[in-house]
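These are the residues of each chain, in order.
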Amino acid sequence: MSFGDTPITVVGNLTSDPELKITPSGQALAKFTIAATPRTFDRESNQWKDGDTTFFRCAAWRSLAEHITESLARGSRVVATGRIRQHNWQTPEGENRSMLALEVDDIGASMRFTTVTIDGKRTQTASASDAWATAGSPASTPAGEEPPF
């Protein structure tokens, strides 16, 4: 994240299956929308009440885009972090338009109301200098020693 970016975390549900596109330069792009609805408990009626839903248009790039489209579907409850981006354009009629969108840096399934199974597969090969990827592996830990954490 760059200095001056507006970081945000959004918790909500996907409104439809993420859509994967490939840009002319060959980059994967996932587009999807997260609906976030606040809930409050009304003590007078002794019931939960939904507030107004906010819809966040989202985009994710490269391998994250591919992972999102392979792993998430309509209705999935997610926790997404990223940066707010403003997009400006002009309609064919010459009207100026703009919208805010969330450029997603990371996303995961929320486990507040469900369980999740992670397959543990890594899609990128860790470099030999990546201590987190190698620490504690049988090849990097001398016999009889515990990993450093």
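Predicted model, so just to flag it, every value in this text is computed and none were measured.

### Looking at the overall build of the protein
Okay, so step 1: What the protein contains, in helices and strands, is two helices and eight strands.
Okay, so step 2: Along the protein, helices (α) and strands (β) appear in the sequence β-β-β-β-β-β-α-β-β-α when read from the amino end.
Okay, so step 3: By residue count, 22% of the 149 residues in the protein fall in the buried class.
Okay, so step 4: In the protein, the proportion of contacts linking residues at least 24 apart, taken out of those at least 6 apart, comes to 55%.
Okay, so step 5: Carbon together with sulfur atoms contributes 50% to the accessible area of the protein, which is approximately 11200 Å² in total.

### Digging into the confidence of the model for the protein
Okay, so step 1: Across the protein, the average pLDDT comes to 85, with 80% of residues at 70 or higher.
Okay, so step 2: Every residue in residues 134-138 is under pLDDT 50, and counting partners more than four places away or in other chains gives seven contacts.

### A word on the pattern of salt bridges
Okay, so step 1: Summed over all chains, the structure comprises nine salt bridges.
Okay, so step 2: Here Asp5 makes a salt bridge to Arg83, at a shortest N to O gap of 4.0 Å. Of this pair, Asp5 sits in the segment before strand E1 (7-14) while Arg83 sits in strand E7 (residues 77-90); the two residues are 78 residues apart in sequence, bridging distant segments of the chain. Accessibility assignment for this pair places Asp5 and Arg83 in one class, buried.
Okay, so step 3: The residue Asp42 makes a salt bridge to Lys49 at a minimum N-O spacing of 3.4 Å.
Okay, so step 4: Under the relative-accessibility criterion, Asp42 is labelled partly exposed at 23%.
Okay, so step 5: We classify Lys49 as partly exposed; its relative accessible area is 39%.
Okay, so step 6: Taken together, the salt bridges that share partners define one network made up of Asp5, Arg83, Arg85, Glu103 and Asp105.

Here is what the cut-offs are and how they apply
Counting of residues starts from 1 at the beginning of each chain's written sequence and follows it residue by residue. Local features in this predicted model are restricted to residues whose pLDDT is 70 or higher, and side-chain atom pairs enter the listing and the counts only when it is 80 or higher, whereas totals over whole chains, interfaces and linings include all residues. The side-chain values count all of the structure's non-hydrogen atoms but skip hydrogen atoms and water molecules. Numbered from the N terminus, helices here are DSSP runs of H or I no shorter than four residues, and strands are runs of E no shorter than two. Think of it in three bands: with a 1.4 Å probe and only protein chains considered, a residue is buried below 20% of the maximum accessible area for its type, exposed above 50%, and partly exposed in between. Between two residues, a contact is recorded if the distance between any of their heavy atoms is within 4.5 Å. Surface accessibility follows the Shrake-Rupley procedure with a 1.4 Å probe radius. Residue values consider only the protein chains on display as shielding. For every residue, the predictor assigns a confidence score, pLDDT, that lies between 0 and 100. Whenever Lys or Arg places a side-chain nitrogen within 4 Å of a carboxyl oxygen from Asp or Glu, that contact is recorded as a salt bridge.

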